[in-house]
Amino acid sequence: MARTFALLSIWLTIAIGGGVFGSTVVFRHWDQQQRLTLLWGARQLESTLVSSLAVVEVPPSIENLTTIIASASATLPSSLTARLAISSAANRSTRPVAPAARDTPSAASASSPWRIERQPAAAGSYLYRLFVPLPHPQLQDHTVEVVLRSSPGEALWKWWQQWLGINLLLLSLTIVWRTAALRRRRKRLASLNQWIQQLNRLTSLASQAEPHPYHSIEFPTDSHLGDMRAVLEHVGELMTEHLNHLLLERSRSRLVLQNLREGVIAVDDHLEVMLINAAAAELVGESSSRLEHRSLVESVRSPQLSKLTEQTITTRQFREAELSLGTPPRLIQVTVAPLPLAHGRWGCLITLRDVTKERRLELVRRDFIANASHELKTPLAAIRAYAETLQLNEDASPVDRQRFVAQIIAQADRLDTLVQGMLQLARVEAGRSLEKQPIDVAQTLRPCVTAAQALCAAKSVEWTDNLAQVNSRLRSSAEALQTITNNLLTNAIRYTDSGGRVSLQVLVSDRQLHLIVQDTGRGIASEDLDRIFERFYRAPSDRATHTSGTGLGLAIVKHLVQELGGRIEVTSRLGSGSTFSIILPRQADSDE
């Protein structure tokens, strides 16, 4: 388009300048041009009269001569007219006609009898008369008057018409040429636009994380592209190959990133989230698609994390901290590293790792060591105290000696019970598979009920069960089921005072077996419910009242229930008793 405007400007300049220059030349040589026109017309008229008068032997009459001149003047240009003029030889002027141009008829001898007169006429025009003697020896007194009427304005107007016609013709040719060029360019641009569309498609593909990034992209090329065709085809092949390679690498990177257990967040220098994986989104509590391209302050509502990120971008140094994030709050180990971006900018890469379970396990491990040490130290201290008493008190009576020995044996039994419980819990936690087989539920639980009835009778606690109405079989481990029931019944009786009630209910459905142990004892505080299944954990009230027990029974119950594929539920209110429900899955009826 710019080239077209430039050509039009050049044409307009040449048209106006050429017109003005031509007008100047026409106006300056207008008089000479009129004289030349007269002379050329007179020469043509003279040659015609010579051929016409040659056949006349005698002088023609005036009428015949007028007719001959009129017939000869028909061959003149329309701007010239000729007529017969009669004059005497004395009146003929011998003044020669001034030559108008080289090699013209007027360039004859200076004694030529031709003469030109110019007289002003109306409307700014001029009248030119040229007197030509008749070429006949007997008609020396007769001349032919050739008349030309013209004006400078008409000459200029005729020049401008001719010049305008030439320029319009040139303009038309230019327009045709530029139209053809623009059409060729439009076709080439159409091909290039298809190229651009393919490039845009490549860009959109590069911004996506497609699982299968292989694409066969053909760039359209045609003859209108000329020499660029081969180059563009080669570039298209290289770009397709390079893009497929980049997409494959990006797909691998995203696959690795999305399957990391640690959360990863990449932010720019404006704290805007550029990339976030599924683990980080889960820790934050939102979907990754909703968090991308949002501010980190809006995505992760943690002033500490925002402060760490700003410090890392400013100082370009690593930062580490443990923060509480999410709902419910989880302890997150945060590592913030500087991340170089384009154009000398710096962002940061945030790594989030949930260490809640680790810290809880560390706490449990510390508690386990402390509790195990305490539980082992108590019977050992008692045994040592009673043994030293026997050693130092040689005069003790046989009754005292028997009592001390009984206490030593009782503490040794307690120590053995503690060690056996620890060994049993270790075997359960080691994942030792239980041998499952079809068992009769009532027959398997009968020894547990018998022992519980004896304990309740000794402690004056009321006992109830529905074992007599149970007639069902279950594919499970008899030993594990008895261990679960004994531990639950022992705890229920231990924490139920005299006059209370302990019950065992077995409910059977098509797909589940419910084992419910209920008591009216002391109950469990709500803040202790989440920890009663930890090893060696005993409620502060139990430790204060020196209630016997190792703190391993419920931990063993929990792991055995999980090994059997069931679950355990507990409800309790302090001072109102507790209810433990064991839900075990049943196999097909063929096992019953």
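Since the structure is predicted, the reported quantities are computational estimates derived from the model, not experimental observations.

Time to look at a nonpolar patch on the surface. On the surface, L12, I16, V20, W157 and W160 cluster together into a nonpolar patch covering about 520 Å² of accessible area. Of all the secondary structure elements, the ones that give two or more residues to the nonpolar patch are α1 (2–28) and α4 (152–206). Per element, the largest residue contribution to the nonpolar patch is three residues, and it comes from α1. Checked against the element boundaries, W157 lands in helix α4.

Secondary-structure assignment places D269 in the loop between β5 (263–267) and β6 (273–276). According to the relative accessible area criterion, D269 is partly exposed, its value standing at 27%. A sequence separation of 45 residues divides D269 from T314, and the C-alpha atoms of the two residues are 9.3 Å apart. Excluding anything up to four places from it in sequence, D269 contacts I313, L341, R345, W346 and G347.

Take the sheet that holds β6 next. Reading across the sheet, the five strands line up as β6-β5-β9-β8-β7 and stay open at both edges, with antiparallel pairing between neighbours. In the strand order of this sheet, the two ends are held by β6 and β7 (319–325), each with one partner. Strand after strand, the sheet turns through a mean of 25° between neighbouring axes, direction not considered. Bridge count for β5 against β6 is three bridges, and the pairing is antiparallel. Residue pairing across strands places A266 opposite L275, the latter belonging to β6. Packing of helix α9 (residues 303–315) onto the sheet brings it into contact with β5, β7, β8 (330–340) and β9 (346–354), and relative to β7 it is tilted by some 160°.

Its identity is not glycine, yet H343 carries a phi of approximately 60°, on the positive side. Tracing the backbone through its elements, the reader meets H343 in the loop between β8 and β9. Even without being a glycine, S460 presents a positive backbone phi close to 60°. Positionally, S460 belongs in the loop between α12 (441–459) and β11 (462–465). With a relative accessible area of 47%, S460 lands in the partly exposed category.

What counts, and at which threshold
- Residues numbered from 1 in each chain as written.
- Predicted model: local features only at pLDDT ≥ 70, side-chain atom pairs only at ≥ 80, totals over all residues.
- Heavy atoms only, no water.
- Patch = residues over 30% accessible without salt bridge, like charges linked within 9 Å, V, L, I, M, F, W, Y side chains within 5 Å.
- Areas by Shrake-Rupley, 256 points an atom, 1.4 Å probe, with all protein chains shown as cover.
- Salt bridge = Lys/Arg side-chain N within 4 Å of Asp/Glu carboxyl O.
- Helix = DSSP H or I, 4+ residues; strand = E, 2+ residues; numbered from the N terminus.
- Buried < 20%, exposed > 50% of the residue type's maximum accessible area, 1.4 Å probe, protein only.
- Contact = heavy atoms within 4.5 Å.
- Pairing = 2+ DSSP bridges.
- Axes fitted to C-alpha atoms, helices over the stretch in contact; angles between N-to-C directions.

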